[in-house]
Amino acid sequence: MSGAGYSERAGLPDGWEWATLEQVAEVSGGIQKSPKRRPTQNHYPFLRVANVARGSLDLSDVHRVELFEGELERLRLQLGDLLVVEGNGSPDQIGRAAAWRGAIDNCVHQNHLIRVRPTAGLSWRYLELAWNSPVVSDQLLSVAQSSSGLYTLSTGKLKRVLLPIPPLAEQERIVEALDAQLSRIDAAVTTSQRSRRKLEGLRKMIFRKFVPEEQPIGWRVVTVEEAGKVELGRARHPDWHNGPEMRPYLRVANVFEDRIDTSDVMEMDFSGLFDKYKLHHGDVLLNEGQSPHLVGRPALYRGVPENVAFTNSILRFQANEDVLPEWALMVFRRHLHAKRFMREVRITTNIAHLSAKRLKAVEFPIPPLHIQKQLVARCDELLTGIAAVDAEAERSLRRASALRNALLRKAFLGCLVPQDPGDEPAAAILDRIRAERAAQSKPKRTRPRKAPAPRKAAATVPAPEPTETPRTSTQQELPL
């Protein structure tokens, strides 16, 4: 960073300093919930990872936990404590944090949240904003460890995170300026999110209107099996990862609602079987295994990518001649949003499955072919308009996110508010914190020495009994 008053080496204005989190805060873990902690005795409010969002706390579902003697005093949250999420499956959510504002008395936190308690030289509101800014989040992403799809942060690594520390008075000015500007960005985000929720509701309403539950006169109601052919894709196996006839295939990760994602298409050996599992233009693909509310998610294969097969995580529906593939897609999307497929699923190992047998038995309305064409055209017209509005709302959200990050980066590199030469510099604050900690540090505990065991008395041989003086003895006097 260039310009008068800036240190080229540190990249911060005069009066600012870089400091590790350990230098300006106390970092500690929480308690682990276990069967030994009974929720009915000595129970207290207990915050979990699910309660912590980025910059805010959701207190609508706060659990309770039993505490043992001395734990409440040690773990009770104080105003301004920052709660940092230790681990998450999404890298952009790692280390998200929110400050405790004292909404609940005698509240503690679990061991998957790391408590950061700022010292008197650091504003807790400044810390919360700085922590959730790119200045810190970029560091967290670089030091997070990933195992089994979970990104985690250790307390030791957290302590070494660098924070830009301005004078305390400037910290307050930065917080005040950010509150004013971020509130406007947050309002725009709320409006865009509300618009997208309304559009999603409108999308569902269109399917329910064009594929009504009570069919008009002239429509037929059959089963999926009677409306077309249902097939399950080929199972995957390690032996088929290599072979003479390698072909691309689609799996559940490629099939979204009315969209096929071709960014990650895998290959497998289909020797002698490719024609059986090859997809054809007009095939409707449905997720066989997914989370319960997404199982049966359909998309229409329109020939891209070419010469591709499908696996057993996908069901294929090939419509009869009296059923348009586009109409079949509309029916399946209607069932998805009406949660019709959820009534047919079976859950194994936390994954919902829609078997071919159960899909075949689901009802399938069929209007005359010319009505299908009219409804498909009208539905496409309405969905295209909704998609255009939704895309604009999504662009607004991306712009708001980029603007927020740019604003935070600017704030925590000293470019948002002017510096005041009269402010106490951060170096003096850090010196005072070090001095106070040194004064409060307890003397080194020495291991108590065990008292020496009493020494055993030496064994003594009892003196012999005195012998009786002989009666015939005579007393003699000897010369000295």
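All values derive from a computational prediction rather than experimental measurement. (Residues numbered from 1 in each chain as written. Predicted model: local features only at pLDDT ≥ 70, side-chain atom pairs only at ≥ 80, totals over all residues. Heavy atoms only, no water.)

**Quick notes on the packing of helix α4 (residues 134–143) against helix α11 (residues 369–411)**
Part 1: Taken N-terminus to C-terminus, the directions of α4 and α11 make an angle of 100 degrees; their axes are 8 Å apart at the nearest point. Taken as axis vectors, α4 and α11 run roughly perpendicular relative to one another. The residues of α11 that touch α4, namely those facing Pro134, Val135 and Asp138, are Asn405, Leu408 and Arg409.
Part 2: Residues belonging to the contact of α4 with α11 are distributed by class as follows: three nonpolar, one polar and two charged. (Axes fitted to C-alpha atoms, helices over the stretch in contact; angles between N-to-C directions. Helix = DSSP H or I, 4+ residues; strand = E, 2+ residues; numbered from the N terminus. Parallel < 35°, antiparallel > 145°, perpendicular 65-115°, else oblique. Contact = heavy atoms within 4.5 Å. Nonpolar A, V, L, I, M, F, W, Y, C, P; charged D, E, K, R; others polar.)

**Concerning the environment of Arg37**
Part 1: Position of Arg37 among the secondary structure elements: in the loop between β4 (25–28) and β5 (43–47).
Part 2: Accessibility expressed as a relative area gives 11% for Arg37, which makes it buried.
Part 3: C-alpha of Arg37 to C-alpha of Val65: the two residues are 28 residues apart in sequence and 6.5 Å apart in space.
Part 4: Apart from the residues lying within four places of it in its own chain, the contact partners of Arg37 are Ile31, Gln32, Val65, Glu66, Leu67, Phe68 and Glu71. (Buried < 20%, exposed > 50% of the residue type's maximum accessible area, 1.4 Å probe, protein only.)

**Structural notes on unusual backbone geometry**
Part 1: Cis geometry marks the peptide bond from Val304 to Pro305; its omega dihedral reads 0 degrees.
Part 2: Of note, Pro305 is situated in the loop between β25 (298–300) and β26 (309–310).
Part 3: Here Asn106, not a glycine, exhibits a phi torsion of approximately 50 degrees, which is positive.
Part 4: By the element assignment, Asn106 lies in the loop between β11 (97–99) and β12 (108–109).

**Observations concerning the packing of aromatic side chains**
Part 1: Scanning the entire structure with this criterion turns up nine aromatic pairs.
Part 2: An angle of 70 degrees between the planes, with centres 6.1 Å apart, marks the rings of Tyr277 and Phe310 as edge-to-face. Of this pair, Tyr277 sits in helix α8 (residues 274–277) while Phe310 sits in strand β26, and the two are 33 residues apart along the sequence.
Part 3: Assessed through its relative accessible area of 11%, Tyr277 is described here as buried. (Phe/Tyr/Trp six-rings, centres within 6.5 Å; stacked < 30°, edge-to-face > 60°.)

**Side note on the confidence of the model for the chain**
Part 1: Averaged over all residues, the pLDDT of the chain equals 88, while 88% of them reach at least 70.
Part 2: The element-level mean pLDDT for the chain is lowest in strand β1 (residues 6–7), coming to 38, with helix α7 (residues 224–227) highest at 98.
Part 3: Counted against residues more than four places away or in other chains, residues 456–461, with its pLDDT under 50, gives zero contacts.
Part 4: Every residue in residues 469–480 scores below 50 in pLDDT, and together they form zero contacts with partners more than four places removed in sequence or on other chains. (pLDDT = per-residue confidence, 0-100.)

**Topic: the side chain of His337**
Part 1: Along the chain, His337 falls in helix α9 (residues 325–337).
Part 2: Within the local environment of His337, its side chain forms a polar contact with the side chain of Glu257, the two groups lying 2.7 Å apart.
Part 3: When neighbours within four sequence positions are excluded, His337 is seen to be in contact with Glu200, Lys204, Phe207, Arg208 and Glu257. (Polar contact = N/O pair within 3.5 Å; in protein donor to acceptor, adjacent residues only side chain to side chain.)

**What about the sheet that holds strand β22 (residues 266–269)?**
Part 1: Read from one edge of the open sheet, three strands run β22-β19-β26, paired in mixed fashion. Each having just a single partner strand, β22 and β26 make up the two edges of the open sheet. (Pairing = 2+ DSSP bridges.)

**Overview of the packing of helix α3 (residues 124–131) against helix α6 (residues 168–210)**
Relative orientation and spacing of two packed helices are given, respectively, by the angle between their axes and the distance between those axes.
Part 1: Packing of α3 against α6 leaves a shortest axis separation of 9 Å and a crossing angle of 55 degrees. By the angle between their directions, the pair α3 and α6 is classed as oblique. Once α3 is placed against α6, the crossing between them reads as left-handed. Each of Arg125, Tyr126 and Leu129 in α3 lies in contact with α6, whose residues at this interface are Gln171, Ile174, Val175, Leu178, Asp179 and Leu182. (Left-handed = near helix turned anticlockwise from the far one by under 90°.)

**Looking at α3**
Part 1: For α3, a buried count of six out of eight residues is recorded, marking the element as mostly surrounded by other parts of the structure.
Part 2: Looking only at α3, the buried set comprises Tyr126, Leu127, Glu128, Leu129, Ala130 and Trp131.

**Structural notes on the nonpolar core**
Part 1: Residues Leu21, Trp131, Leu158, Leu178 and Phe412 are the most contacted members of the largest nonpolar core, which totals 47 residues.
Part 2: Among the elements that make up this core, the one with the highest residue count is α6 (seven residues).
Part 3: Sequence-distant contacts of Leu21, that is, excluding residues within four places in its chain, are made with Val27, Val116, Leu127, Trp131, Leu158, Lys159, Val161 and Leu163.
Part 4: Membership of the second largest hydrophobic core comes to 38 residues, among which are Phe210, Val323, Val331 and Leu359. (Core = buried A, V, L, I, M, F, W, Y, C linked by side-chain atoms within 4.5 Å.)

**Overview of the pattern of salt bridges**
Part 1: For the structure shown, the criterion picks out 30 salt bridges.
Part 2: Arg48 is the partner of Asp61 in a salt bridge, and the nearest nitrogen-oxygen pair spans 3.5 Å. Placement of the pair is Asp61 in the loop between β7 (56–57) and β8 (63–66) and Arg48 in the loop between β5 and β6 (52–53), with a sequence separation of 13 residues.
Part 3: Accessibility expressed as a relative area gives 17% for Arg48, which makes it buried.
Part 4: We note a salt bridge from Arg398 to Glu394, for which the minimum N-O separation is 3.4 Å. You can see Arg398 and its partner Glu394 sitting in helix α11, four residues apart, about one turn around the helix.
Part 5: For Arg398, a relative accessible area of 48% gives the class partly exposed. (Salt bridge = Lys/Arg side-chain N within 4 Å of Asp/Glu carboxyl O.)

**Concerning the side chain of Arg117**
Part 1: As for its placement among the helices and strands, Arg117 is situated in strand β13 (residues 113–118).
Part 2: A polar side-chain atom of Arg117 sits 2.8 Å from a polar atom in the side chain of Asp81.
Part 3: Excluding its chain neighbours within four sequence positions, the residues that come into contact with Arg117 are Ala25, Glu26, Arg76, Leu77, Gln78 and Asp81.

**Side note on the pairing of strand β23 (residues 284–287)**
In regular strands, side chains alternate between the two faces of the sheet.
Part 1: Alternating positions in β23 separate into two faces, Val284 and Leu286 on one and Leu285 and Asn287 on the other, with burial throughout.
Part 2: Looking at chain direction, β23 and β25 are connected through three bridges and run antiparallel. Residue pairing for β25: Leu286 is matched across the bridge by Pro298.

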